[in-house]
Amino acid sequence: MDLIKKNTVVFISGRGSNLLNLIKFSKKKNSPISINLVLSDNPKANGLNYAKKYNIEYKIVNYKNKKEFEKKVKDYLIKKNICFICLAGFMRVLSENFIKFFKNKIINIHPSLLPKYKGLNTHERVLKNKEKFSGCTVHYVTKKLDSGKIILQSKTKITRGETIHSLAKKVRKLEHIIYPKSIDKIFKKNN
Ligand code: GRF
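Residues numbered from 1 in each chain as written. Predicted model: local features only at pLDDT ≥ 70, side-chain atom pairs only at ≥ 80, totals over all residues. Heavy atoms only, no water.

Observations regarding the layout of surface pockets
Rule in force here: With a 1 Å grid spanning the protein atoms alone, the term cavity applies to any set of points in which a 1.4 Å probe fits but cannot get out, the term pocket to an open set with protein on both sides within 12 Å along at least five of seven lines, and the term lining residue to any residue with an atom within 4 Å of a point. Grid points are joined across faces, edges and corners, and a volume is the space filled by probe spheres set on the points. By the criteria applied, helices consist of DSSP H or I runs no shorter than four residues and strands consist of E runs no shorter than two, each listed in order from the N terminus. Three classes are used, and their members are as follows: Ala, Val, Leu, Ile, Met, Phe, Trp, Tyr, Cys and Pro are nonpolar, Asp, Glu, Lys and Arg are charged, and the others, Gly among them, are polar. Either an automatic procedure or a domain database provided the assignment from which the domain bounds are taken.
Taken as a whole, the largest pocket encloses approximately 930 Å³ of empty space. Broken down by element, the lining of the largest pocket gets its largest block of residues, four residues, from helix α6 (residues 164-190). Its residues assigned to classes, the lining of the largest pocket shows 14 nonpolar, 13 polar and seven charged. Each of domain 1 (1-103) and domain 2 (112-136 + 154-191) gives at least three residues to the lining of the largest pocket.

Spelled out as structure tokens, the structure:
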């Protein structure tokens, strides 16, 4: 019997390397998700090119006003029957109401070993504090920033002479492994 894939949207704001990786993952026969929509709050996001390349519908919503933004997005996701939301480099903080409406249906990837280094500029802060390890975390999105239940983490050693750029590159490689794995973990558990 064919697996019924969950209708999924990926929210982006920029480069979109995780989006591309998730698109590839979603195309696999046994993937629990299909990516039906890419949503960007930035009309210039590079990730939109991946949506175009793979013929995935994309929508740009860039209202500055949070209420307006979320109303438009929510109505559109309902219209499109979306039941799962992956944040991938999405730079806005969602409101409690929005998160409540899609309770346990929104996940995010963050470039640090949470609960350490929530928020922005993680690699810079990690290096400044002379940490020995860093990594990335996939977690549920809750009203407190970068604080929801952790689904998976991956760790990497910080080597001598590590730079923000080299660390970001190493961490991104790990992100591309654990984001799909986390999605598998969620849906295998629920099926
Ligand atoms: C990633 O490092 C992710 O952890 C963070 O934003 C970055 C997005 O990169 N939330 P990309 O746009 O997926 O390449």
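Read on for the rest.
Here's the deal with the site of the ligand
For clarity, the cut-off: Throughout, the term near means that a residue has one or more heavy atoms lying within 4 Å of the molecule or strand in question. Throughout this description, a polar contact denotes any pair of N or O atoms lying within 3.5 Å of each other; where both atoms belong to protein, one of them has to be capable of donating a hydrogen while the other can accept it, and for residues adjacent in sequence the pair is counted only when both atoms sit in side chains. Using a 1.4 Å probe, accessible areas were evaluated by the Shrake-Rupley method; residue-level cover was limited to the displayed protein chains. Whether a molecule lies in a cavity or pocket depends on its atoms, and more than half of them have to be within 2 Å of the grid points.
All residues in the neighbourhood of the ligand are listed as Arg15, Gly16, Ser17, Asn18, Gly89, Ile109, His110, Pro111 and Glu175. With respect to the ligand, the side chain of Arg15 contributes an N or O atom lying 2.6 Å from an oxygen atom. Within the backbone of Ile109, a nitrogen or oxygen atom sits 2.9 Å from a nitrogen atom of the ligand. Isolated, the ligand exposes 360 Å² of accessible area, and the fraction of that covered by the protein chains is 85%. Of all the cavities here, the one that holds the ligand is the largest pocket. Among the secondary structure elements, those contributing two or more residues to the shell around the ligand are α1 (17-26) and β5 (106-110).

Thoughts on the pattern of salt bridges
Threshold: When a carboxyl oxygen of Asp or Glu lies within 4 Å of a side-chain nitrogen of Lys or Arg, that pair is called a salt bridge. Categorising residues by exposure relies on relative accessible area from a 1.4 Å probe, with only protein chains included: less than 20% of the type maximum marks a residue as buried, more than 50% marks it as exposed, and the intermediate range marks it as partly exposed.
Under the criterion given, the structure shown has seven salt bridges. Between Lys71 and Asp75 there is a salt bridge, with the nearest N and O atoms lying 2.5 Å from each other. Taken together, the residues span about one helical turn, with Lys71 and Asp75 both in helix α3 (residues 66-79) at a distance of four residues. Relative accessible area serves as the criterion here: at 54%, Lys71 is assigned to the exposed category. Lys116 serves as the salt-bridge partner of Glu131, at 3.1 Å between the closest nitrogen and oxygen. Taken together, the positions of Glu131 in the loop between α5 (122-128) and β6 (133-140) and Lys116 in the loop between β5 and α5 put the pair 15 residues apart, joining distant regions of the chain.

Notes on the side chain of Asn108
Rules: Two residues qualify as a contact provided that any one of their heavy atoms is within 4.5 Å of a heavy atom in the partner residue.
Along the chain, Asn108 falls in strand β5. For Asn108, a relative accessible area of 11% puts it in the buried group. Those residues within four positions of Asn108 in sequence are excluded, and the remaining contacts are Leu87, Thr137, Val138, His139, Val141, Asp146 and Tyr179.

Quick word on the packing of aromatic side chains
Put simply, the rule reads: The rule is short: rings of Phe, Tyr and Trp, with Trp giving its six-membered ring, pair when the centres are within 6.5 Å, and they are stacked under 30 degrees, edge-to-face over 60, tilted in between.
Summed over all chains, the structure comprises six aromatic pairs. Taking the centre distance of 4.9 Å and the plane angle of 75° together, the rings of Phe84 and Phe187 count as edge-to-face. Here Phe84 is found in strand β4 (residues 84-87), whereas its partner Phe187 is found in helix α6, with 103 residues between them in sequence. Arranged with centres 5.1 Å apart and planes meeting at 45°, the rings of Phe98 and Phe102 form a pair that is tilted. Each member of the pair, Phe98 as well as Phe102, carries the same accessibility label: buried.

Some points on the domain arrangement of the protein
Heads up, the rule is: Buried area: the accessible surface (1.4 Å probe) lost by two parts on joining, summed over both.
Examined at the domain level, the protein breaks down into domain 1 (1-103) and domain 2 (112-136 + 154-191). Of note, the centres of domain 1 and domain 2, computed from C-alpha atoms alone, are 22 Å apart. The partner domain 2 presents eleven residues to the 15 residues of domain 1 that form the contact. Of the roughly 1,200 Å² buried where domain 1 meets domain 2, counting both sides, 66% is carbon and sulfur surface. Scanning the region where domain 1 abuts domain 2 turns up four residue pairs in polar contact (both at pLDDT 80 or more). Element by element, the count of residues in the side of domain 1 that touches domain 2 is highest for α1, at five residues. Broken down by class, the residue content of the side of domain 1 that touches domain 2 amounts to nine nonpolar, four polar and two charged.

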